[in-house]
Amino acid sequence: MRRARASRQSAGNGNTRTPADPSAGEEWDKHLAGLRRLAGADVKETTVASPLDQFTIKPIVPLSLGKLDISFTNSALMMGIAVALIAGVLVFSVRSRDLVPGRLQSVAELGYEFIAGMVRENVGDEGRKYFPFIFSVFSFVLMGNLLGMLPGAFTFTSHIAVTFAMALTIFVGITLIGLTRHGTHFFSLFFPHGAPIAAAPILIPIEVISYLSRPISLSVRLFANMTVGHIILKIFAGFVVTLGSVQFFILPGILPFGMLIGLTALEFFVAFLQAYIFTILSCIYLNDAIHLH
Amino acid sequence: MSETDPGKTSSSSSGDDFAARLAAARGRRDAGRETTSDVAARNTGQLGLGFRIAVDLLAGVTVGVGMGLVLDRWLGTSPWFLLVFLILGFAAGMTNMLRTVRANDAARARVAAERREREHKDAR
Amino acid sequence: MMILRALLLASAASVCLSIDMAMAADAQKAGMPQFDLTRFPSQIFWLGVAFVVLYLIMSKVALPRIGAVLEARANRIGSDLDRASALTAEADQTRAAYEKTLGESRAKAQDVGRSTEAALAKESAERQAVLGNELAGRIRDAEARIAAAKSAAMANLAGVAADTASLAVERVAGVKVDPAEAADAARVALARA
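Residues numbered from 1 in each chain as written. Chains lettered and ligands numbered in written order. Predicted model: local features only at pLDDT ≥ 70, side-chain atom pairs only at ≥ 80, totals over all residues.

### A word on the overall build of chain B
Counting its regular elements, chain B contains four helices and zero strands. The N-to-C order of helical and strand elements in chain B reads α-α-α-α. Residue pairs at least 24 apart in sequence account for 70% of intrachain contacts in chain B once pairs closer than 6 positions are excluded. (Helix = DSSP H or I, 4+ residues; strand = E, 2+ residues; numbered from the N terminus. Contact = placed C-beta atoms within 7 Å.)

Right under this line is the structure:
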C-alpha cells in the first residue's frame, strides 16, 4: 500500500500532479498551455514541472515505527549525504598537520574559526562547551542549503518540519541550560531591567510570548527563504526551458537565462546567509540563557 | 638605468617590505579575525532586514494567537483570550522587531567605527 | 532581482501563515508539500538520526583534530614571528654597529689626514724659514763682500789714477811728481768727481 503510493508519487512528475496540490497544478498547466500557444510549437512535457514538485517528499525505503511512518525518503537521503560530506571534509581533509593547509583543509579550518569566533563573541567563554553543537547546526544547515542548489536535488531545509524540529530542539535545550544554571532566577529574563513593577502584568506576557516566538521565527525564516528561493529558481528555469526549446526561438531564452544565473548566485549567498543567521541567533539565545542579558 | 639599479634599491626596499610584512603578520595574529556580526551587518541589505523583522512580527502574532486559542478552548472563554493574546502577540512581535533592528544598527555602527579606525590607522 | 525576491518572500510568508492555519482545519487541502503532516514523522526521525551522527563525529573526532592543528600552527607561527622579529632586531643592531664603526673610522681617517697635513705644512714652513734665513745671510755676506770689493777697487783706483797722472805729468811736463802729492791730488779729484 505504502509502496504503491510512493511509486505513484514518484511517477507523477509529468502530467499527473500530486494529489496534494490540484489547484496549483491546474494553474501551472494553464500557464504552460498559454506559453505553448504563444510559441506555436511543441514543448517537451517532462522538462517543466510545477515549482512545488521539488519539495515533494518521496519515500525510498518504506519503514514504520509502530504507527509512525518513518520511511527513508529523499529528504533523509540528502541529510545522510550532508552528514557524509561534512564529515568527509572535516575529518579526511585534516589528516596532515602541515603548516600550509590544502584547499579542503583551509575550508574546514575557516569554518572552524568562523564558528569558534561566533561563539566566543556572542556567548563568551562559557559557550566553548556548546561549540561542537553550534558547529554541527551551522554545518548541517549550510550543507543542506548548498546541496539544495544542485540541479534536481532535494532541499531538506526547505521543510518546516525539519527547521522547526531543529529550532525547537535548540530552544528547549537552551531553556534547560538557563534553568539549570540559574534556577528560578532564569525567569528574570521575562522582566526587563528598570521597568516599573506596575507594568509587569503587561510586560511579562509580552516577554513570554516574545521568548516563545523564537523557535518559530528561527524556523520560519530559514524555511521560507529556502522555499521561496527554490520556487523562484524553478520558475525561471522553466522560462528558460520553455522559451529556449521553441524552434527558431533560441534567443528569447537568453535573457531569462542571464537572470537565472544572477538568481543562482543570489541563492548561493542566501544559502550561506540563512545558515549564518540561524546559527548566530542560536548563539544569541544561548547567551541570553547563560548571562540573562 | 638608475631605476633598475639591482643592488641597492631592491635590497633596501625588500628590507622595508619585510619589516612591513612582519608587522602586518603580527598585527593579524594579535588583532584576531573580523567579528562575525560584521559579516551580517555588511551583507544583509535593507530588504533582508525587512524580511527578518516581518518574520519576527509574524512569529509573535502566531504564538499569541496560539496561546489565545488554547486558553479559550481550555477555559471556554472564546473569543476573549484570543483577542487579548492577539494584541499581546502583536506587541511581542513589535518587541522582537525592535530588538532585531537595534542589534542590526549596533552591528552596523560597530562596522562603521572599525572601518573608520582602520582608515585612520592606514592614513597614519 | 532582490526586490522581486523580497516581494515573493513576503507573499510566501503570508501564504505560509494562511496555509498554516488552514492546515489545522484540513491537512489534505494544503497546497505545499511542506505542510503534508504525514511526512513529518519520517523527516523528524531522520533529522534526529543524521544530526546525532553528525554531532558525534564533530565533537569526538573532527573538531578536536582541527583545533589541535590550528593551535599547533598558531604556536608555530607565533614562535616564527617572534624569531623573525628577534632576528630583525639583531640585524638592525648589527647594521647600527657597523654604521657606527664605519662613521668612527671615517672620522678618524679625516683626523689623521688633517693632522698629517698640518704637520707637513708646519715642516715645510719651517724649512722655508730656515732656507730664507740662510739665503738672507748669504745675500748679506755677498753684499758685504761686494761693498768691500767696491771700496778696495775704489782705493786701488786712486793709486792707479795717481800713478797714471804722475806718469802723464812726467811725460808731458818732464817733472817728477812726488807720488804722495799725486795720490792726494788723485784722491781729491776722485772725491770731486
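After that view, the rundown keeps rolling.
### Considering the overall build of chain C
From N to C terminus, chain C includes three helices and zero strands. Reading the helices (α) and strands (β) of chain C from amino to carboxyl end gives α-α-α. Taking all 193 residues of chain C together, the buried fraction comes to 15%. In chain C, the proportion of contacts linking residues at least 24 apart, taken out of those at least 6 apart, comes to 29%. (Buried ≥ 20, exposed ≤ 12 C-beta atoms within 10 Å, placed from the backbone.)

### A short note on the interface of chain C and chain A
Of the residues lining the interface, 41 residues belong to chain C; the matching set on chain A comes to 49 residues. Counting residues per element, the ones that place at least two in the side of chain C that touches chain A are helix 1 (2–25) and helix 2 (40–173) of chain C. Examining the composition of the side of chain C that touches chain A, we find that 26 residues originate from one element, helix 2 of chain C, more than from any other. For the side of chain C that touches chain A, the class distribution of residues is 29 nonpolar, six polar and six charged. (Nonpolar A, V, L, I, M, F, W, Y, C, P; charged D, E, K, R; others polar.)

### Details of the interface of chain A and chain B
Each partner contributes to the interface: chain A provides 18 residues, whereas chain B provides 24 residues. Broken down by class, the residue content of the side of chain A that touches chain B amounts to eleven nonpolar, four polar and three charged.

### What to know about helix 4 (residues 103–122) of chain A
Residues and elements named next belong to chain A. Taking 1.5 Å of rise per residue, the 20 residues of helix 4 would be expected to cover 28 Å, and the 28 Å separating its terminal C-alpha atoms lies within 8% of that figure. Turning to helix 4, its buried residues number three or more, namely Gln105, Ala108, Tyr112, Ile115, Ala116, Met118, Val119 and Asn122. What you see down the axis of helix 4 is that its buried residues fit within an arc of 165 degrees, all on one side. Turned more than 90 degrees off the buried face of helix 4, the exposed positions are Arg103, Ser106 and Leu110. The positive-phi residue at the C-terminal boundary of helix 4 is glycine 124, with phi of around 90 degrees. (Expected span 1.5 Å × (residues − 1). Arc of directions from axis to C-beta.)

### Let's talk about unusual backbone geometry
Note the cis peptide between Ser78(B) and Pro79(B), where omega equals 0 degrees. Looking at the element boundaries, Pro79(B) is found in the loop between helix 3 (46–75) and helix 4 (80–123).

### As for the confidence of the model for chain C
All names here are of chain C. Summarising the model, chain C shows a mean pLDDT of 83, and 84% of its residues fall at 70 or more. Considering each helix and strand of chain C separately, the mean pLDDT is smallest for helix 1, with a value of 56, and largest for helix 2, with 90. Across residues 20–30 the pLDDT falls below 50, and counting only partners more than four positions away or on other chains, this stretch makes nine contacts in the model. Here the prediction assigns the complex a pTM of 0.67, and the interface score ipTM is 0.79. (pLDDT = per-residue confidence, 0-100.)

### Comments concerning the nonpolar core
Residues and elements named next belong to chain A. Core analysis: the biggest nonpolar cluster contains 95 residues, and Met79, Ile115 and Ile134 have the highest contact counts within it. It is helix 8 (residues 214–244) that contributes the most residues to this core, 14 residues altogether. Those residues within four positions of isoleucine 115 in sequence are excluded, and the remaining contacts are Phe131, Ile134, Phe135 and Phe138. (Core = buried A, V, L, I, M, F, W, Y, C linked by C-beta atoms within 7 Å.)

### Quick notes on the confidence of the model for chain B
All names here are of chain B. Chain-level pLDDT for chain B is 76 on average; 68% of the residues reach the 70-or-more range. Mean pLDDT values over the elements of chain B span from 50, in helix 2 (residues 36–43), up to 89, in helix 3. Throughout residues 1–13 the model reports pLDDT below 50, and contacts reaching past four residues in sequence, or to other chains, amount to zero contacts. Across residues 32–36, where pLDDT falls below 50, the model places nine contacts with residues more than four positions away in sequence or in other chains.

### Quick notes on the packing of helix 7 (residues 200–212) of chain A against helix 4 of chain B
For any two helices packed against each other, the geometry is given by the interaxial angle and the distance between the axes. The geometry of helix 7 of chain A relative to helix 4 of chain B is characterised by a closest axis approach of 8 Å and an angle of 65 degrees between their N-to-C directions. On the basis of the axis angle, helix 7 of chain A is roughly perpendicular to helix 4 of chain B. The element helix 7 of chain A and its partner helix 4 of chain B pack so that their crossing is right-handed. On the side of helix 7 of chain A, the interface is formed by Pro205(A), Ile206(A), Ile209(A) and Ser210(A), while helix 4 of chain B contributes Leu88(B), Gly89(B), Ala91(B), Ala92(B), Thr95(B) and Asn96(B). Residue composition of the contact of helix 7 of chain A with helix 4 of chain B, by class: six nonpolar, four polar and no charged. (Axes fitted to C-alpha atoms, helices over the stretch in contact; angles between N-to-C directions. Parallel < 35°, antiparallel > 145°, perpendicular 65-115°, else oblique. Left-handed = near helix turned anticlockwise from the far one by under 90°.)

### Some thoughts on the packing of helix 6 (residues 160–182) of chain A against helix 9 (residues 254–291) of chain A
Residues and elements named next belong to chain A. Two elements in contact, helix 6 and helix 9, have axes whose closest approach is 8 Å; the angle formed by their N-to-C orientations is 20 degrees. The pairing of helix 6 with helix 9 is recorded here as roughly parallel in orientation. Crossing angle aside, the handedness with which helix 6 passes helix 9 is right-handed. Where helix 6 abuts helix 9, its residues Ile170, Ile174, Thr175, Ile177, Gly178 and Arg181 lie against Ser282, Tyr285, Leu286, Ala289 and Ile290. Its residues assigned to classes, the contact of helix 6 with helix 9 shows seven nonpolar, three polar and one charged.

### Focus: the environment of His182(A)
Considering the arrangement of structural elements, one finds His182(A) in helix 6. Once the C-alpha coordinates of His182(A) and His291(A) are considered, the two residues, 109 residues apart in sequence, prove to be 9.2 Å apart.

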